[in-house]
Amino acid sequence: MSQQKVIFDTDPGVDDALALYYLLRHPGIDLLGVTTVFGNAPVEVTTRNAAWLLKQWGHEDVPVHAGASATMTPDMAEESFPTHIHGLNGLGDIPIDMAAGPVSETAARFIIDTVRAHPGEVRLLAVGRMTNLARALALDPGIAPLVRDVVIMGGAFRVPGNITPAAEANIWGDALAADVVFGAEWPVVAIPLDLTTQTFMDAATLQDLARRGGAGMELVAELSQDYVGFYRGAGYDGMLVHDCCAAVYLTDPDLFDLARGEVRVVDRGIAIGLTLCNPEDRKGPLADWEGRPRQSYAHDGDAPAILARIDQVCTAR
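Values in this document were obtained by computation on a predicted structure and should not be read as measured data.

Student: Which residues make up the pairing of strand 5 (residues 149-153), and what values do they have?
Tutor: Burial of strand 5 is extensive: five of the five residues sit out of reach of the surface. Residues of strand 5 alternate between two faces, with Asp149, Val151 and Met153 on one and Val150 and Ile152 on the opposite face, all of them buried. With helix 5 (residues 131-139) bridging strand 4 (residues 122-126) and the parallel strand 5, this β-α-β connection has right-handed handedness. Of the strand pairs in this sheet, strand 5 and strand 6 (residues 188-191) are connected by four bridges, and their pairing is parallel.

Listed below in structure tokens is the structure:
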């Protein structure tokens, strides 16, 4: 099996951890590096978390590059990190024997240099704010046609948002960056709430994966307990696996049903973060969608098969 070259842009984050474990475990993925961004925690913490997880899973050779610490979107309110979901340390408050310290922003340059070293081969998987990708484009717009594709976890196209009625959290957190990413001349596939809210892993299944998957999955289950507790407070016994859905798209795109069209992201007002797609079969003037590339988003998919693939990869011996 030829391996896919992947850069994982992430803000660990509990569901980010499961996605990272899936990438490390899948034989078809060559993880070239991890770039971190603010989101589920400050970037100093998400960077520490990424490095710590790689160490726990025996992959300290995978480079980690810290990225953006703040949004590009003007006039955003001061960031309030979701500690009620991901804990104060971003990983469910499990003990972490590695300090979070000052970081230097190298993520955008790493993306540029890696894409230029492997033209046409690198897939960018982004499961947090799109700030690092937008900054890489600002530094070197010429990388866009050299990227194989960009797969993101983000957006809410035909369903309500999860941070406001209009917006999904990753897009809302840097709406301007997301609009830049959707408007660049590289192929984008968004895995939005339309699909990820169907991929519910119940608590019993998570514990079964931990039992069958060994120490690696035991760690995922342990750090996910507060995340499960958050959903339990809403009446659900388990968790949504948002970010890992996007990882599965890399390896099993046939499990996802895509729609295509030009995409804009609202970057101001009460609908900030709203993702709006002009369907490719729509007839009529495009207005502010004029000249934008057609991108894709998963409006549906085979949720049981996606969960089964996560099981297969994360418990393989």
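Student: Explain the sheet that holds strand 10 (residues 275-279) to me, using residue names and the numbers behind them.
Tutor: Strand pairing in a sheet relies on backbone hydrogen bonds, with the paired strands running either antiparallel or parallel. Spatially, nine strands are ordered 3-2-1-4-5-6-11-9-10 in an open sheet, and the strand pairing comes out mixed. Each edge of the open sheet is held by one strand with a lone partner, namely strand 3 (64-66) and strand 10. This sheet shows a mean twist of 30° between the axes of neighbouring strands, independent of strand direction. As paired strands, strand 1 (residues 4-10) and strand 4 are joined by five bridges and run parallel to one another. Following the sheet pairing, lysine 5 is matched in strand 4 by valine 122. This element, helix 7 (residues 175-183), spans strand 5, strand 6, strand 9 (256-265), strand 10 and strand 11 (294-301) of the sheet and lies at about 115° to strand 9.

Student: Go over unusual backbone geometry, please, and point to the residues and values.
Tutor: Look at the link from proline 12 to glycine 13: it is a cis peptide, with omega at -10°. Secondary-structure assignment places glycine 13 in the loop between strand 1 and helix 1 (14-25). In this model, alanine 287 sits at a positive phi of 50°, which is unusual for a non-glycine residue. The topology assignment puts alanine 287 in the loop between strand 10 and strand 11.

Student: Explain the packing of aromatic side chains residue by residue, including any values.
Tutor: Under the definition given, this model contains seven aromatic pairs. Pairing tyrosine 21 with tryptophan 57 gives two aromatic rings, centres 4.8 Å apart and planes at 50°, and the pair type is tilted. One end of the pair, tyrosine 21, is in helix 1; the other, tryptophan 57, is in the loop between helix 2 (43-56) and strand 3, and 36 residues separate them in sequence. Ring geometry for phenylalanine 230 versus tyrosine 231: centroids 5.3 Å apart, planes at 70°, classification edge-to-face. These aromatic residues form a ring-pair network of at least three members: Phe200, Tyr227, Phe230, Tyr231 and Tyr236.

Student: An account of the packing of helix 9 (residues 203-213) against helix 11 (residues 225-233) is needed here, citing residue identities and associated values.
Tutor: At a minimum axis distance of 11 Å, the contact between helix 9 and helix 11 shows a crossing angle of 165°. Classified by the angle their axes make, helix 9 and helix 11 are roughly antiparallel. Once helix 9 is placed against helix 11, the crossing between them reads as right-handed. Along its contact with helix 9, which presents Ala203, Leu206 and Gln207, the element helix 11 presents Gln225, Val228 and Arg232. Grouping the constituent residues of the contact of helix 9 with helix 11 by class yields three nonpolar, two polar and one charged.

Conventions used here
Residues numbered from 1 in each chain as written. Predicted model: local features only at pLDDT ≥ 70, side-chain atom pairs only at ≥ 80, totals over all residues. Heavy atoms only, no water. Buried < 20%, exposed > 50% of the residue type's maximum accessible area, 1.4 Å probe, protein only. Helix = DSSP H or I, 4+ residues; strand = E, 2+ residues; numbered from the N terminus. Right-handed = clockwise from strand over helix to strand, strands pointing away. Pairing = 2+ DSSP bridges. Axes fitted to C-alpha atoms, helices over the stretch in contact; angles between N-to-C directions. Contact = heavy atoms within 4.5 Å. Phe/Tyr/Trp six-rings, centres within 6.5 Å; stacked < 30°, edge-to-face > 60°. Parallel < 35°, antiparallel > 145°, perpendicular 65-115°, else oblique. Left-handed = near helix turned anticlockwise from the far one by under 90°. Nonpolar A, V, L, I, M, F, W, Y, C, P; charged D, E, K, R; others polar.

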